[in-house]
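# Structural characterization, general
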Amino acid sequence: MVDQVLPEGVTAAQFEQALQEFRRILGREFVLAGLDETVSYRKVMIAVPEMDMAPSGALLPQTVEQIQSILKVCNQYRIAVWTISTGKNFGYGSAAPATRGQMVLDLRRMNKIIEVDPVLGTALVEPGVTYRQLRDYLDERGYKFWIDVPSPSAIVGPVGNTLERGVGYTPYGDHFMMSCGMEVVLADGQVLRTGMGGVSGSGSWQCFKWGYGPYLDGIFTQSNFGVVTKLGFWLMPAPPLFKPFAVRYANTSDLSRIVETLRPLRIAGLVPGGGIIQSPLYEIAMSNRRHDIYDGPGAIPADIIAREAKKLGLSMWNLYAGIYGGTEEQLTANWNILHAAFKASGGIIELEEDMSPVARKLFQRPKELMRGGLTLEEFSMYNFRGGGGSMWFAPVAPAKGEEATRQTAMASEILHKYSFDYVCGWVVGWRELHHIIDLLFDRSDPQEMQRAYQCFDELVTTFAKAGYGIYRTNTAFMNKVAETFGPAQRDINRRIKRALDPNGILAPGKSGIHI
Amino acid sequence: MPLRQSLLVAVTVACAVAGQARAQSAGQWHGPEDTYEKICRYCHDTGVGPALKGRRLQPAYITTTVRAGRNGMPAFRPSEISNSELLALGQWLERAASAGKP
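These numbers were taken from a predicted model, which means no experiment stands behind them. (Residues numbered from 1 in each chain as written. Chains lettered and ligands numbered in written order. Predicted model: local features only at pLDDT ≥ 70, side-chain atom pairs only at ≥ 80, totals over all residues. Heavy atoms only, no water.)

Helix and strand counts for chain B stand at four helices and zero strands. Listing every helix and strand of chain B by position from the N terminus yields α-α-α-α. Surface accessibility of chain B: about 4,900 Å² in total, with carbon and sulfur atoms responsible for 57%. (Helix = DSSP H or I, 4+ residues; strand = E, 2+ residues; numbered from the N terminus. Areas by Shrake-Rupley, 256 points an atom, 1.4 Å probe, with all protein chains shown as cover.)

Set out below in structure tokens:
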């Protein structure tokens, strides 16, 4: 095995020279190169061999000025950098670049919480800040705000998740929607502050998103047009009252009526947070080893899923949502509306105290997430099949019952064809659903890995043919998913890329964008 | 991919030694207990990952697993926890008493 992966088109001698330059900028200890030093950057969960995405090294800056100097060297030597912040991105590619031989630009050391305005409820942070760090910062100062986290919560951070357009579970769950103002280092070293950040001395950078002229923040999300070094976002004032609940539905075919019931409540703001509609296998997978409940061929049969669901106090669909209020009176008024609607739809409504001990234990996870709490218990799901393989397939559906039903049928059929299980949660947006499916597989079995790759490929193809796009994908499928959004989008992304980064040094292949 | 354990021990005098990961995290941890509380325990005290305390696990084993990851466990990079912090974590874990069953 080679002990070093060279950047594409760069000789060993040139690479060594570039490394010297990087060491001069960052200090020796913050430039990693060779396979030993970059082992942490190769660990992936997706269905491709690690070496296909092996980086040449990693650069660990702590300041904007260092990033500017790094990019100068990258332009000189035509060395590409793949930017990460907290670098977890489970099941989407982890910290590894989309193509072999890029250097990881690891911003984890830039971990300053620059400002929290307790009056306006705004924050400005660097990419290495974690949600745990932010939570502690707010608590230490007695600031009564919630944060909104994605499932890996404590160990990941708001900048990376927002730039990937990730979602959480409180009313502030659409992270990019709640973002406000960015600082971006462009490939030529220029530093851009978006929106009101362009006005000298402005105090409005974190409180007015749109600024003046074209709104640019979007082009720096899921993209490779710049290196985001600061991000502003809004914090939700901690509500005095929070009432989380579950609604359980007995039949798989009930999905349509769940969505039809929930949509008007969500659009009207009566269910203000995301809410999750989960297939029972989601929590069965968190609670079991697969071989303990099923050892036969193919996907787990429906009767076994039903049997195991029952043991855990789950039904065939389990909706978790919450309402938030300032006063009991307000909460009760909202609750009465929701209660009547869910009852009329045939759901069994459960508060925590109504649940069996085992169901109550499982309920702690969505309950925590719906108030921005830090829990990683979802990831016991990775023990279900074992072997550390995970790829999230995440198509978007209009929030209509028949659309959700159709997607569930399509996804189940394809997954089952490849002998994988349909492990799904629907995250409920304002007018759409994020259909989040975890394709779990044993990465230590080369044949199973191959099968997982083929399965994911077919999912992307089939869903696109049916008119369903995907909100976010892993590094192995970025080109393919970009194709599904059509030639005009690929073309404009390429034209912007060529204008802003003519040498293509920033994260080639990110979201399928190349120069 | 085994890390070079022997060199990790010498991390404080490592400046002159080429070819090892020496990177420092940004000084956010106040000792191994703090790291464990803010990162490890979310999985290892909850049954998501195996319990680590009370098993006299070797610091070298902790270092290798943390850096490379294993199955569902992600890798943690030198930018998140420096080699010296990771070694201290391993030594602390080796001595830590069992927390009991989650």
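All names here are of chain A. Where helix H6 (residues 255-267) contacts helix H13 (residues 401-417), the two axes come as close as 7 Å, and the packing angle between them is 140°. For the pair H6 and H13, the crossing hand works out as right-handed. Facing Leu255, Ser256, Val259 and Glu260 of H6, the residues of H13 in contact are Gly401, Glu402, Ala404, Thr405 and Thr408. (Axes fitted to C-alpha atoms, helices over the stretch in contact; angles between N-to-C directions. Left-handed = near helix turned anticlockwise from the far one by under 90°. Contact = heavy atoms within 4.5 Å.)

What follows is about the interface of chain B and chain A. Opposite the 38 residues of chain B that make contact, chain A presents 42 residues. The contact between chain B and chain A buries some 3,100 Å² in all, and 56% of this surface belongs to carbon and sulfur atoms. Our count for the chain B to chain A interface comes out at four salt bridges. B:Glu80 is the salt-bridge partner of A:Lys88, the closest N and O atoms lying 2.7 Å from each other. Elements with a minimum of two residues in the side of chain B that touches chain A: helix H2 (32-44) and helix H3 (59-68) of chain B. No other element matches the six residues that H2(B) contributes to the side of chain B that touches chain A. In terms of residue class, the side of chain B that touches chain A is made up of 18 nonpolar, 11 polar and nine charged. (Buried area = accessible area lost by both parts, 1.4 Å probe. Salt bridge = Lys/Arg side-chain N within 4 Å of Asp/Glu carboxyl O. Nonpolar A, V, L, I, M, F, W, Y, C, P; charged D, E, K, R; others polar.)

In this section: unusual backbone geometry. Residue and element names in this part refer to chain A. With a phi close to 55°, Arg78 is a non-glycine residue in the positive phi region. Counting through the fold element by element, Arg78 comes out in the loop between helix H3 (64-77) and strand E3 (81-84). Arg78 gets classed as partly exposed once you look at its relative accessible area, which sits at 48%. A positive phi angle is found at Ser511, which is not glycine, with a value near 50°. Here Ser511 is to be found in the segment after helix H16 (487-500). The class for Ser511 is partly exposed, based on a relative accessible area of 22%. (Buried < 20%, exposed > 50% of the residue type's maximum accessible area, 1.4 Å probe, protein only.)

Residues and elements named next belong to chain B. When pLDDT is averaged along chain B, the result is 80; 70% of the residues meet or exceed 70. Averaged pLDDT values for the elements of chain B fall to 39 in helix H1 (residues 5-9) and rise to 98 in H3. Segment residues 1-24 is flagged for pLDDT under 50; beyond a separation of four residues in sequence, or across chains, it makes 50 contacts in the model. Two numbers describe this predicted complex: its pTM, 0.94, and its ipTM, 0.96. (pLDDT = per-residue confidence, 0-100.)

Residue and element names in this part refer to chain A. Burial analysis of strand E16 (residues 388-393) places six of its six residues in the buried class, the great majority of the element. Neither face of E16 is open: one carries Gly388, Ser390 and Trp392, the other Gly389, Met391 and Phe393, and all of them are buried. Relative to strand E19 (residues 432-442), E16 runs antiparallel, the two being bridged by six bridges. Looking at the pairing, Gly388 lines up with Asp442 of E19. (Pairing = 2+ DSSP bridges.)

Moving on: the packing of aromatic side chains. In total, this model carries 16 aromatic pairs over all chains according to the counting rule given. Each ring, one from A:Trp146 and one from A:Tyr324, has its centre 5.5 Å from the other, and the planes form 75°; the classification is edge-to-face. Here A:Trp146, found in strand E7 (residues 145-146), pairs with A:Tyr324, found in strand E14 (residues 317-325); they are 178 residues apart in sequence, far enough to count as distant. By relative accessible area, which is 12% here, A:Trp146 ends up buried. A:Tyr324 sits in the buried class, given a relative accessible area of 11%. Their ring planes at 55° and their centres at 5.5 Å tell us that B:Tyr36 and B:Trp92 sit as a pair that is tilted. Placement of the pair is B:Tyr36 in helix H2 and B:Trp92 in helix H4 (residues 83-95), with a sequence separation of 56 residues. Take B:Tyr36 and B:Trp92: they sit in the same class, and that class is buried. (Phe/Tyr/Trp six-rings, centres within 6.5 Å; stacked < 30°, edge-to-face > 60°.)

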